[in-house]
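Close look at the chain arrangement
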Amino acid sequence: IVRGSIFDTISPEIKGATFCDLFAGSGAVGIEALSRGAQKVTFVEQDRRVLRALRSNLSKCGIGRDRAEVKIGDVFRFINRITRKGEFYDFIFADPPYTANVAQKVLSAFEAAGKQVCETLIIEHGEPIYLSENTCYELRQAKKFGQIQVSYFSFKGGR
């Protein structure tokens, strides 16, 4: 239900888009983005056991390296790297573990970067997350599904 709602929300803009799936796990969200018309997806995951499942799922779906890039490593280092290099995605999706308020740390990392690295930042979370004062992001939309919330953020300034 949650994944369907996310793609219903972004469906007008997904065709031909670049998409980044942070905390990718099995890759279900990124694979869904590709099936809905995204041009390319970058998957970021640090658990090597989970990476085997992700790569297997990409293979089973016939998705090659021309459309999917798998990055092994820490999400926060990845955020720092794309900020430093000026990389840009149309969508960045993060579904971090619901423990230790990692979702708030993800949002704070993008705020701290201070540069636009995506058109839309989508964070799935269990606990509430808050923008800081004088932030460069704005909450565009939030949807609640029982204990799960999905928040959509946009960068305030232009690239």
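In this report, the structure presented in the accompanying data block is examined. Everything numeric in this text was worked out from a predicted model, so none of it was measured.

Right, let's get into the packing of helix H1 (residues 2-14) against helix H2 (residues 28-35). One way to put it is that H1 packs onto H2 with a least axis distance of 11 Å and a crossing angle of 40°. Relative to H2, H1 is oriented oblique. Once H1 is placed against H2, the crossing between them reads as right-handed. Contact with H1, carried on its side by Arg3, Phe7 and Ile14, involves Ala28, Val29, Glu32 and Ala33 of H2 and no other residues of that element. For the contact of H1 with H2, a count of residues per class yields five nonpolar, no polar and two charged.

Another aspect to go through is the packing of aromatic side chains. All told, the structure shown has four aromatic pairs when counted by the stated rule. On the basis of an interplanar angle of 25° and a centroid distance of 6.1 Å, the ring pair of Phe7 and Phe19 is categorised as stacked. Residue Phe7 is found in helix H1, and its partner Phe19 is found in strand E1 (residues 18-22); the two are separated by 12 residues along the sequence. Residues Phe7 and Phe19 agree in their burial class; the two are buried.

This structure, assessed with the given rule, holds five salt bridges. Residue Arg36 pairs with Glu32 through a salt bridge whose shortest N-O separation is 2.9 Å. Among the salt bridges present, the one from Glu69 reaches Lys71, with a minimum N-O distance of 3.0 Å. A residue is classified by how much of its surface remains accessible, and Lys71, at 26% relative accessible area, is partly exposed.

Now for H1. Taking 1.5 Å per residue, 13 residues should reach 18 Å; H1 reaches 17 Å between its end C-alpha atoms and fits that length. The largest bend along H1 measures about 40° and falls at Asp8, with the proline Pro12 one to four residues further on. Listed as buried for H1 are Val2, Ser5, Ile6, Phe7, Thr9, Ile10 and Ile14. In this structure, the buried side of H1 is in contact with E1, H2, strand E4 (89-94), strand E5 (118-125), strand E6 (137-145) and strand E7 (148-155). Following H1 by one or two positions, Gly16 has its phi on the positive side, about 80°.

What follows covers H2. In an α-helix, one turn spans 3.6 residues, which is why side chains three or four residues apart end up on the same side. Here H2 has its buried residues at Val29, Gly30, Ile31, Ala33 and Leu34. Buried residues along H2 sit in contact with H1, E1, strand E2 (40-45), helix H3 (48-60) and E4. Trailing H2 by a residue or two, Gly37 shows a phi angle of about 115°, which is positive.

With that settled, consider the pairing of E2. Buried residues dominate E2, accounting for five of its six residues. Regarding the hand of the β-α-β motif, the stretch spanning E1, H2 and E2 is right-handed. Bridge count for E2 against strand E3 (residues 68-72) is five bridges, and the pairing is parallel. The residue bridging Phe43 from the neighbouring strand is Val70, located in E3. Following the chain from E2 across H3 to the adjacent parallel E3, one finds a crossover that is right-handed.

Phi at Phe23 takes a positive value of approximately 55°, unusual for a residue other than glycine. Mapped onto the elements of the fold, Phe23 is located in the loop between E1 and H2. Phi angles above zero are rare outside glycine, and Ala100 is one such case at about 55°. Topologically, Ala100 is positioned in the loop between E4 and helix H5 (102-113).

About the criteria used
Residues numbered from 1 in each chain as written. Predicted model: local features only at pLDDT ≥ 70, side-chain atom pairs only at ≥ 80, totals over all residues. Heavy atoms only, no water. Axes fitted to C-alpha atoms, helices over the stretch in contact; angles between N-to-C directions. Helix = DSSP H or I, 4+ residues; strand = E, 2+ residues; numbered from the N terminus. Parallel < 35°, antiparallel > 145°, perpendicular 65-115°, else oblique. Left-handed = near helix turned anticlockwise from the far one by under 90°. Contact = heavy atoms within 4.5 Å. Nonpolar A, V, L, I, M, F, W, Y, C, P; charged D, E, K, R; others polar. Phe/Tyr/Trp six-rings, centres within 6.5 Å; stacked < 30°, edge-to-face > 60°. Buried < 20%, exposed > 50% of the residue type's maximum accessible area, 1.4 Å probe, protein only. Salt bridge = Lys/Arg side-chain N within 4 Å of Asp/Glu carboxyl O. Expected span 1.5 Å × (residues − 1). Bend = angle between axes of the 7 residues up to and from the residue. Right-handed = clockwise from strand over helix to strand, strands pointing away. Pairing = 2+ DSSP bridges.

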